[in-house]
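Understanding the architecture of this molecule
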Amino acid sequence: MATEFAFPDSAAKAAGAPPEFQTEKMSLSMGPSHPSTHGVLRLQMELDGEILTKCDPVLGYLHRGDEKIAENMTYNQFVPYTDRLDYLAPLANNMAYAIAVERLAKLEVPARCQAIRVITAELARVSSHLMGLGAFGIDTGAWTVFMYCFTEREKLYKLFEELTGARFTTSYARIGGLQRDVPEGWTKNVNAFCDQFLPILDEILGLLTRNKIFMDRSVDIGVISKADAIAYGLTGPNLRGSGVGLDLRKDKPYSGYEQYEFDVPVGTKGDCYDRYLVRGEEMKQSVRIIKQAVAKFPGGDWYAKDARKIFAPPKDKILTSMEELIQNFMIVTEGPQMPAGEVYFEAENPKGALGFYVVSKGGGVPWRLKIRSPSFCNLSILPKVCVGALISDVVSILGSFDFVMGECDR
Amino acid sequence: MAVIPLERKPLTFAERTYLPQIASGLWTTFKRIFQPQVTLSYPEQRPAIPPGYRGVPTLVRDPNGREKCVSCQLCEFVCPPKAIRITPGEIPADQADRAHVEKAPQAFDIDMLRCIYCGLCQEVCPEEAIFLQNQYSLSGYTREEMVNHKDKLYELGGTIPDQHYKWDQKKTAAEHGNTH
């Protein structure tokens, strides 16, 4: 009886071979604790020799119920939980969440606050892409790239530490403002970082871009067509790698992104190599945005002063005036007062479009908060893109997707 | 809108032999040997902690050595992971100079296994009594050890300069007949 193989290659060869070499399909679990699955992703694979005939991502190992948690606390209390979505770019998550809730309250934050948010979000993008690049490097056997990326990332974390007081879980944004103003000289440090970063980035990319060893592992592997990328709801560098020039910072500007000049890099083929190229170029564009934002860094307030029922009054007022003291107690215990209504806001995060859908029935607690996480949507294409690939290519594909399970499972 | 397609120039013959990239990669790593070291030999060398760092939460006393916390329980309320437990109590009778403050914590526990160092407690405190300070590494053998009780919190916190002396001002104001 002739066996039919969906993916002939090695298995068909084996079918023509003597009976002792004939193989049957094997199912294999990759993950949840596999170094190249970047977290607790499990791939349930069906193999025909070394070729995948089926690939089912199994999610949920890091599920914490963040959406339900949000219903049980005030808007500001949820900010630390947004750190833990895409934990490689917490500052960008903080900003996306704060803007979503501010849209609900129809609150406009001052220009200085917007500029600080843009700078932090772009720094977070650089740090996230560095991590993505480094991890992709490891997946394809380039350990040096990872070390150099981490050296740069460490400098960024120093900046985050000076700004927010924490390296990793920043909890920086608040509804209607920020946790605190930028410390003195911080923007100068940011500029200094940008200046020294560009040559080093070129050096790091130079290790990979024209490297035949790396290209053998990434060119023409995991090709996603334009139509597929759109159909599966991909966003961020993965979508742009497939040649779709969608960038929410350009298409639906928020937080003053329309003031800054930058380009949207897109790939031509949609393979792993394109996604790598897009990330490399995006870091350069981010540095461009940061430099512009620092150059015209506006003065003035760093929080919405008029929103007296949303942003707590300054500390010295709380300590000296009874009125502000009561106001502080009200904002903390009742939460920032929001009108009833619902709002959906998407921000262009390092991993893609992070969306918050907030439904409010008034008061300081969301009635429902839905998080659209880019990593989750990006992974939905895995069953399609992995079929027909070699196991070793799956590692490459996963690396090029640059997903974070904290956000995927939330 | 400026969308720039990324170019992919075909590799030259030399590059297809793998050799130039290997050589230039080795040259890059070789150059890095002579650059300054980027790592610290922790714990012998410690990183510099910037002002405003969010370390272990502590309770502080004012320069007169009096405890500042009035056990309003706002930090207990706001704490997202519910790490803080406060039992309110009266001001002890032997502290007559603080009688007008009315309340002080009888017990104040912060479970460091739950704390996420978000700094919301410090942010909402209306007395500037709780501060996240410089300490960042802590360990213990048991769960009980990881709960910081009131004494430990004051020991960690020490004294912080006070700008306002809020309750002293209130007392003077009250003595002058102005209760606001």
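Note that the structure is a prediction, hence the values are computed from the model and not measured. (Residues numbered from 1 in each chain as written. Chains lettered and ligands numbered in written order. Predicted model: local features only at pLDDT ≥ 70, side-chain atom pairs only at ≥ 80, totals over all residues. Heavy atoms only, no water.)

Helices and strands together make up the secondary structure of chain B, namely six helices and six strands. Helices (α) and strands (β) of chain B occur, in sequence order from the N terminus, as β-α-α-β-α-β-β-α-β-β-α-α. By the compact-globule yardstick of 16 Å for 180 residues, chain B is too spread out, its C-alpha radius of gyration being 27 Å. With the C-alpha coordinates of chain B rotated into their principal frame, the extents come out at 90 × 50 × 30 Å. Taking all 180 residues of chain B together, 37% fall into the buried category. Considering only contacts within chain B whose residues lie at least 6 apart along the sequence, 73% involve residues at least 24 apart. In the form shown here, chain B has an accessible surface area of approximately 11000 Å², with 56% of it arising from carbon and sulfur atoms. For chain B, the separation between the mean place of its 21 positive charges and that of its 22 negative charges on side chains is 11 Å. (Helix = DSSP H or I, 4+ residues; strand = E, 2+ residues; numbered from the N terminus. Rg over C-alpha atoms; globule rule 2.2 N^0.38 Å. Buried < 20%, exposed > 50% of the residue type's maximum accessible area, 1.4 Å probe, protein only. Contact = heavy atoms within 4.5 Å. Areas by Shrake-Rupley, 256 points an atom, 1.4 Å probe, with all protein chains shown as cover. Lys, Arg positive; Asp, Glu negative; His and termini not counted. Charge placed at Lys NZ, Arg CZ, Asp CG, Glu CD.)

Residues and elements named next belong to chain A. For helix 5 (residues 111–139), with 29 residues, the first-to-last C-alpha span of 41 Å sits near the 42 Å given by 1.5 Å per residue. A large share of helix 5 lies buried, amounting to 27 of its 29 residues. Directly after helix 5, the chain includes Gly141, whose backbone phi takes a positive value near 95°. (Expected span 1.5 Å × (residues − 1).)

All names here are of chain A. This structure, assessed with the given rule, holds 24 aromatic pairs over all chains. Judged by centre distance (5.4 Å) and plane angle (70°), the rings of Phe136 and Phe214 are edge-to-face. Placement of the pair is Phe136 in helix 5 and Phe214 in helix 8 (residues 212–218), with a sequence separation of 78 residues. Given the relative accessible area of 3%, Phe136 is considered buried. For Phe214, a relative accessible area of 3% corresponds to the buried category. Ring geometry for Trp302 and Phe311: centres 6.2 Å apart, planes at 90°, overall edge-to-face. (Phe/Tyr/Trp six-rings, centres within 6.5 Å; stacked < 30°, edge-to-face > 60°.)

All names here are of chain A. Within the fold, Asp83 resides in helix 3 (residues 79–83). A relative accessible area of 1% places Asp83 in the buried class. Apart from the residues lying within four places of it in its own chain, the contact partners of Asp83 are Pro90, Asn93, Asn94, Thr169, Thr170 and Ser171.

For the rest of this paragraph, the subject is the sheet that holds strand 3 (residues 84–90) of chain B. Residue and element names in this part refer to chain B. Across the sheet, three strands lie side by side as 3-4-6; this open sheet has antiparallel pairing. Sheet topology places strand 3 and strand 6 (147–148) at the edges, where each strand pairs with a single neighbour. Bridging between strand 4 (residues 103–111) and strand 6 involves two bridges; their strand directions are antiparallel. Directly across from Asp111, in strand 6, lies its bridge partner Val147. Strands strand 4 and strand 6 of the sheet are contacted by helix 5 (residues 150–157), whose axis makes an angle of about 85° with strand 4. (Pairing = 2+ DSSP bridges. Axes fitted to C-alpha atoms, helices over the stretch in contact; angles between N-to-C directions.)

Residues and elements named next belong to chain A. Counting across every chain of the model gives 32 salt bridges over all chains. Ionic pairing is found between Arg368 and Glu67, a salt bridge with its closest N-O pair at 3.4 Å. Of this pair, Arg368 sits in strand 9 (residues 368–372) while Glu67 is found in helix 2 (residues 66–71), placing the two residues 301 residues apart along the sequence. Its relative accessible area of 30% is what places Arg368 among the partly exposed residues. Residue Glu67 is classed as buried on the basis of its relative accessible area, which comes to 16%. Arg84 is paired through a salt bridge with Asp83; the nearest N and O atoms lie 3.7 Å apart. The class for Arg84 is partly exposed, based on a relative accessible area of 24%. Overlapping salt bridges bring together Glu122, Arg125, Arg240, Asp247, Arg249, Glu282 and Glu348 as one network. (Salt bridge = Lys/Arg side-chain N within 4 Å of Asp/Glu carboxyl O.)

On to the packing of helix 5 of chain A against helix 12 (residues 272–295) of chain A, then. Residue and element names in this part refer to chain A. For the pair helix 5 and helix 12, interaxial distance at closest approach is 9 Å and the crossing angle is 155°. With respect to helix 12, the element helix 5 is oriented roughly antiparallel. As for how helix 5 packs across helix 12, the hand of that crossing is left-handed. Contacts from Val118, Ile119, Glu122, Leu123, Arg125, Val126, His129, Leu130, Leu133 and Phe136 in helix 5 reach Cys272, Tyr276, Arg279, Glu282, Met283, Ser286, Ile289, Ile290, Ala293 and Val294 in helix 12. (Parallel < 35°, antiparallel > 145°, perpendicular 65-115°, else oblique. Left-handed = near helix turned anticlockwise from the far one by under 90°.)

The next subject is the interface of chain B and chain A. Residue-level contacts link 50 residues of chain B with 60 residues of chain A. Overall, the association of chain B and chain A removes approximately 4600 Å² of surface from exposure, summing both partners, and the carbon and sulfur fraction of that is 59%. On inspection of chain B and its partner chain A, the count reaches four salt bridges. Here Arg174 of chain A makes a salt bridge to Glu123 of chain B, at a shortest N to O gap of 2.7 Å. (Buried area = accessible area lost by both parts, 1.4 Å probe.)

Let's shift gears to unusual backbone geometry. Residue Pro43 of chain B is bonded to the preceding Tyr42 of chain B through a cis peptide linkage, with omega at 5°. Here Pro43 of chain B lies in the loop between helix 2 (19–33) and strand 2 (57–59). One non-glycine residue, Asp402 of chain A, lies in the positive phi region at around 50°. By the element assignment, Asp402 of chain A lies in the loop between helix 17 (391–401) and helix 18 (405–409). Here Gln73 of chain B, not a glycine, exhibits a phi torsion of approximately 70°, which is positive. Within the secondary structure, Gln73 of chain B is located in the loop between strand 2 and helix 3 (74–78).

Here the focus is the environment of Arg42 of chain A. Residues and elements named next belong to chain A. Within the fold, Arg42 resides in strand 2 (residues 42–48). Beyond its immediate chain neighbours, meaning those up to four positions away, Arg42 contacts Ser29, Met30, Gly31, Pro32, Asp56, Pro57, Val58 and Tyr61. For Arg42, the side chain forms a polar contact with the side chain of Gln44, separated by 2.6 Å. (Polar contact = N/O pair within 3.5 Å; in protein donor to acceptor, adjacent residues only side chain to side chain.)

Counting through the fold element by element, Asp151 of chain B comes out in helix 5. Expressed as a C-alpha distance, the spacing of Asp151 of chain B and Phe108 of chain B, which sit 43 residues apart in the sequence, is 8.7 Å.

This part covers the sheet that holds strand 1 (residues 26–30) of chain A. Residue and element names in this part refer to chain A. Ordered in space as 1-2-3, the three strands form an open sheet in which the pairing is antiparallel. Two strands close off the open sheet at either side, each with one partner strand: strand 1 and strand 3 (51–58). In this sheet, neighbouring strand axes are inclined to one another by 20° on average, regardless of whether the strands run parallel or antiparallel. Pairing geometry for strand 2 and strand 3, over seven bridges, is antiparallel. In the sheet register, Met45 faces strand 3, and the bridge partner there is Cys55.

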